Amino acid sequence: MPSYKLVYFPVRGRVQALRYIAADKGFDINDEVVPMDQWPAYKDKQPFGQLPVLYDGDLVLGQSNAILRHIARKHGLYGKSDREAALIDMANDQQEDLRVSYVRLVYGDFVSFYRLQFLHILS
């Protein structure tokens, strides 16, 4: 079974789905946690200057959804046809839209968000 190294911040965030897949499929992920105060020293060394980053042998892969698709293909979770893969992509993109909305709600201006939603319901 392959071993992977994952570099990310000390939060679940964008990599939690990957950790669920690892637990379900029984493979290990070696986490390298980057504390926020050390992030500036890491940033320039990462693809696109972002985390998460997955190391799979000599492959260095950034972007959380690209990482998910790579792992899904390697572990038989990306469908049996192009059609199934497209439907999986659609579901993954929808969950990303939901995640972004949730992050805006939690970390954004809740009062403005609430007012916007409330006014929308009334109109």
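Our subject is the structure that appears above.
Residues numbered from 1 in each chain as written. Predicted model: local features only at pLDDT ≥ 70, side-chain atom pairs only at ≥ 80, totals over all residues. Heavy atoms only, no water.

With respect to the packing of helix α1 (residues 16-25) against helix α3 (residues 64-74)
Then step 1. Running from N to C, α1 and α3 point in directions that differ by 15°, and their axes come no closer than 10 Å. Judged by the angle between their axes, α1 and α3 are roughly parallel. The handedness of the crossing between α1 and α3 is left-handed. Packed against α1, whose contacting residues are Ala17, Leu18 and Ile21, the element α3 presents Ile67, Leu68 and Ile71 at the interface. (Axes fitted to C-alpha atoms, helices over the stretch in contact; angles between N-to-C directions. Helix = DSSP H or I, 4+ residues; strand = E, 2+ residues; numbered from the N terminus. Parallel < 35°, antiparallel > 145°, perpendicular 65-115°, else oblique. Left-handed = near helix turned anticlockwise from the far one by under 90°. Contact = heavy atoms within 4.5 Å.)

A short note on the layout of surface pockets
Then step 1. Of the voids in this model, the largest pocket is the one considered here, and its volume is about 640 Å³.
Then step 2. What lines the largest pocket is a set of 23 residues, among which Tyr8, Gly13, Arg14, Arg99 and Val103 lie closest to the centre.
Then step 3. Mapped onto the lining of the largest pocket, the elements with two or more residues apiece are α1, α3 and α4 (82-107).
Then step 4. Top contributing element to the lining of the largest pocket by residue count: α4, with seven residues.
Then step 5. Taken together, the residues that form the lining of the largest pocket break down as twelve nonpolar, seven polar and four charged. (1 Å grid on protein atoms, 1.4 Å probe; cavity = no way out; pocket = protein on both sides within 12 Å on 5 of 7 lines; lining within 4 Å. Points joined across faces, edges and corners; volume = space filled by probe spheres on them. Nonpolar A, V, L, I, M, F, W, Y, C, P; charged D, E, K, R; others polar.)

Examining the packing of aromatic side chains
By convention here, two paired aromatic rings are described through the distance between centres and the angle between planes.
Then step 1. Scanning all chains against the criterion turns up three aromatic pairs.
Then step 2. Judged by centre distance (5.2 Å) and plane angle (70°), the rings of Tyr4 and Phe27 are edge-to-face. Of this pair, Tyr4 sits in strand β1 (residues 4-8) while Phe27 sits in the loop between α1 and β2 (29-33), placing them 23 residues apart in sequence. With respect to burial, Tyr4 and Phe27 carry one shared label: buried.
Then step 3. The interplanar angle of 55° and the centroid separation of 5.6 Å between the aromatic rings of Tyr8 and Phe9 together place this pair among those described as tilted.
Then step 4. Note on Tyr8: relative accessible area 8%, which makes it buried.
Then step 5. Take Phe9: its relative accessible area is 16%, and that puts it in the buried class. (Phe/Tyr/Trp six-rings, centres within 6.5 Å; stacked < 30°, edge-to-face > 60°. Buried < 20%, exposed > 50% of the residue type's maximum accessible area, 1.4 Å probe, protein only.)

Overview of the environment of Trp39
Then step 1. Considering the arrangement of structural elements, one finds Trp39 in helix α2 (residues 39-43).
Then step 2. Take Trp39: its relative accessible area is 13%, and that puts it in the buried class.
Then step 3. Between the alpha carbons of Trp39 and Gln50 there is a distance of 9.6 Å; along the sequence they are eleven residues apart.

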